[in-house]
Amino acid sequence: MAAVIGFLGAGNMGGAIIKGLAAVPDVSALAYDVDPAKVKALADKNLAAPAATPEALAAGADYLILCVKPQYLASAMKALAPHLRPEAVVCSIVAGVTMTRLRELTSGKCPVVRIMPNTPALVGAGQFALCLEDPKLGEAHRAFVHGLFNKLGRTYVLEEKLFDAFTGLAGSGPAYVLYFMEALIESGVLVGFPRDKATDIVSGLIEGTAKLVAESGHHPSVLREMVTSPAGTTIEALMHLDRKAVRAAVIDAVAASRDRSKALGA
């Protein structure tokens, strides 16, 4: 019998996960969103069945994934929690919401899982931190959740104490890469390339370099040294970045994001 995966929220991330599940056998999606058009768009493509109410969503889901903004979670759960089935599993991708808070919101009725995704999940290349520490969570449920998200990208089973660090590094990480890409594109325009050509060059540069790291088996430091010839163009550029303390700024930025994640969960 197919497992029913319920989604409270069908926005960008919820919708991305639903689309990723389309290729997974023996699961079906059930979705509710305050904007019915989002669910209808998914239903029209046979990606999810619509739930008329949050209560109906809770009653019909074997695994319920919370995909709403943090400020809306408490009110949504107030209506939904009384209808949760004890054998169901509640999974949350809501930033900053701790396992303790999830247990409170579900009145301890069923096991909970905390998840931190990142936006490459939109193209099936996400990174997901999973906290599977709830003692109520059985081995079969642990294996199912882990296997499910493994099909949507890479998964990392982490202690909850590492979630803020994961948020700072990988949750916010795509923005750092895109920020650097934007700077490289602007530099391409500065040195004479049309903007569309600069964008294409930089996109290929990032994609190719990531593939090189993944497939070469070498640490990025070794690969960087391979392209850094004595008295060459690359060392000149890298020395300029070091004089501007770019490396330290990146490290500080990740730490700042981690600290903000801690504050949101306090």
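Scroll up to find the structure this text is about.
In short, a report on the structure. (Residues numbered from 1 in each chain as written. Predicted model: local features only at pLDDT ≥ 70, side-chain atom pairs only at ≥ 80, totals over all residues. Heavy atoms only, no water.)

**A few points about the packing of aromatic side chains**
Centre distance and the angle of the planes are the two values used to describe a pair of aromatic rings.
Then, number 1: Going through the model one piece at a time under the given rule, you end up with three aromatic pairs.
Then, number 2: Seen from their ring centres, Y63 and F144 are 4.3 Å apart, and the 20° between their planes marks the pair as stacked. Of this pair, Y63 sits in strand β4 (residues 63–66) while F144 sits in helix α6 (residues 139–150), placing them 81 residues apart in sequence.
Then, number 3: A relative accessible area of 9% means that Y63 is categorised as buried.
Then, number 4: Judged by centre distance (5.2 Å) and plane angle (55°), the rings of F128 and F149 are tilted. With a gap of 21 residues between them, F128 in strand β7 (residues 126–131) and F149 in helix α6 connect regions that are remote in the sequence. (Phe/Tyr/Trp six-rings, centres within 6.5 Å; stacked < 30°, edge-to-face > 60°. Helix = DSSP H or I, 4+ residues; strand = E, 2+ residues; numbered from the N terminus. Buried < 20%, exposed > 50% of the residue type's maximum accessible area, 1.4 Å probe, protein only.)

**Structural notes on the pairing of strand β2 (residues 27–32)**
Then, number 1: The buried fraction of β2 amounts to five of the six residues, a majority that puts the element mostly inside the structure.
Then, number 2: Relative to β2, strand β1 (residues 3–8) runs parallel, the two sharing six bridges. Within the sheet, the bridge partner assigned to A3 lies in β2 and is V27.
Then, number 3: A crossover connection joins β1 to the parallel β2 through helix α1 (residues 12–21); in handedness this β-α-β unit is right-handed. (Pairing = 2+ DSSP bridges. Right-handed = clockwise from strand over helix to strand, strands pointing away.)

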